[in-house]
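The residues making up each chain are set out below.
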Amino acid sequence: DQQVKQNSPSLSVQEGRISILNCDYTNSMFDYFLWYKKYPAEGPTFLISISSIKDKNEDGRFTVFLNKSAKHLSLHIVPSQPGDSAVYFCAASAGGGSNYKLTFGKGTLLTVNP
Amino acid sequence: DTGVSQDPRHKITKRGQNVTFRCDPISEHNRLYWYRQTLGQGPEFLTYFQNEAQLEKSRLLSDRFSAERPKGSFSTLEIQRTEQGDSAMYLCASSRDRISSGNTIYFGEGSWLTVV
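Note that the structure is a prediction, hence the values are computed from the model and not measured.

Q: Provide a residue-level description of the overall build of chain B, including the pertinent values.
A: Scanning chain B for helices and strands turns up zero helices and eleven strands. Counting helices and strands in the order they occur from the N terminus, chain B gives β-β-β-β-β-β-β-β-β-β-β. Overall size of chain B, expressed as C-alpha extent along the three principal axes, is 40 × 25 × 25 Å. Across the 116 residues that make up chain B, the buried fraction comes to 47%. In chain B, once contacts between residues fewer than 6 apart in sequence are set aside, the share between residues at least 24 apart is 54%.

Q: Residue-level account of the pattern of salt bridges, with values.
A: Residues and elements named next belong to chain B. Inspection of every chain in the model, using the stated rule, returns six salt bridges over all chains. The partner of Glu28 in a salt bridge is Arg96, and the shortest N-O contact between them spans 4.0 Å. Here Arg96 lies in the loop between strand E9 (88-95) and strand E10 (106-107) and Glu28 lies in the loop between strand E3 (19-24) and strand E4 (31-37), a separation of 68 residues in the sequence. Asp86 is paired through a salt bridge with Arg64; the nearest N and O atoms lie 2.8 Å apart. Here Asp86, found in the loop between strand E8 (75-79) and E9, pairs with Arg64, found in the loop between strand E6 (53-57) and strand E7 (65-68); they are 22 residues apart in sequence, far enough to count as distant. Side by side, Asp86 and Arg64 carry an identical accessibility label, which is buried.

Q: Can you tell me about the interface of chain B and chain A, naming the residues and giving the values?
A: With 25 residues of chain B in contact, the opposing surface of chain A contributes 19 residues. The contact between chain B and chain A buries some 1800 Å² in all, and 60% of this surface belongs to carbon and sulfur atoms. For the chain B face of the interface with chain A, the top three residues by lost area are Pro43(B), Ile99(B) and Phe107(B), together amounting to 28%. One can count zero salt bridges joining chain B with chain A. At the boundary of chain B and chain A, one finds four residue pairs in polar contact (both at pLDDT 80 or more). Secondary-structure elements contributing two or more residues to the side of chain B that touches chain A are E4, strand E5 (44-50) and E9 of chain B. Looking at the side of chain B that touches chain A, the element that brings in the most residues is E4(B), giving four residues.

Thresholds, definitions, all that
Residues numbered from 1 in each chain as written. Chains lettered and ligands numbered in written order. Predicted model: local features only at pLDDT ≥ 70, side-chain atom pairs only at ≥ 80, totals over all residues. Heavy atoms only, no water. Helix = DSSP H or I, 4+ residues; strand = E, 2+ residues; numbered from the N terminus. Buried < 20%, exposed > 50% of the residue type's maximum accessible area, 1.4 Å probe, protein only. Contact = heavy atoms within 4.5 Å. Salt bridge = Lys/Arg side-chain N within 4 Å of Asp/Glu carboxyl O. Buried area = accessible area lost by both parts, 1.4 Å probe. Polar contact = N/O pair within 3.5 Å; in protein donor to acceptor, adjacent residues only side chain to side chain.

Quick look at the structure:
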């Protein structure tokens, strides 16, 4: 039972264009969402997060959008740079007594071509 | 402060041997987590400490696995009688408090385990 789904295993975009990575979730108890970036043989690096009380959060080139009714979130990277090439993981946390655990999707490999 | 530190970064062991991984969290982070990642999957939660108390263990953590966090500082994850299915990246993470805005989880670089 996969509670966080990233249905696109890979995405390829041109440098300077927008990258849009998508994530769907099924657990309505999730109230905090995070995106992590991971290079091979390294641990995940935190990028940006959003609380369920918001529908948008922006940090530089990275913006996360949350659509609670659709149980969908997306990460926009504008403009995309070759250094952004990595695996991106969507993660979610439920509130209350489960606020210590992240549930991850399987990741999307982003390739930004020069 | 250099972030979450894990040691060793790579370990190759023969099936049936015991292995131990160490994690040093970010200083003053009272929460420490262990995750496991296999190829093609996202990280999966294994266990969680608040200070020295182990408060949650995933069903993924069989009896061959044991984690400790003496004195609420560094943590160790031991795998006894390793099996080939244990081959994975073991990730340690820490946070100051519960997951929320302003308090996120920071991961170490991981410890790769290969069981041959």
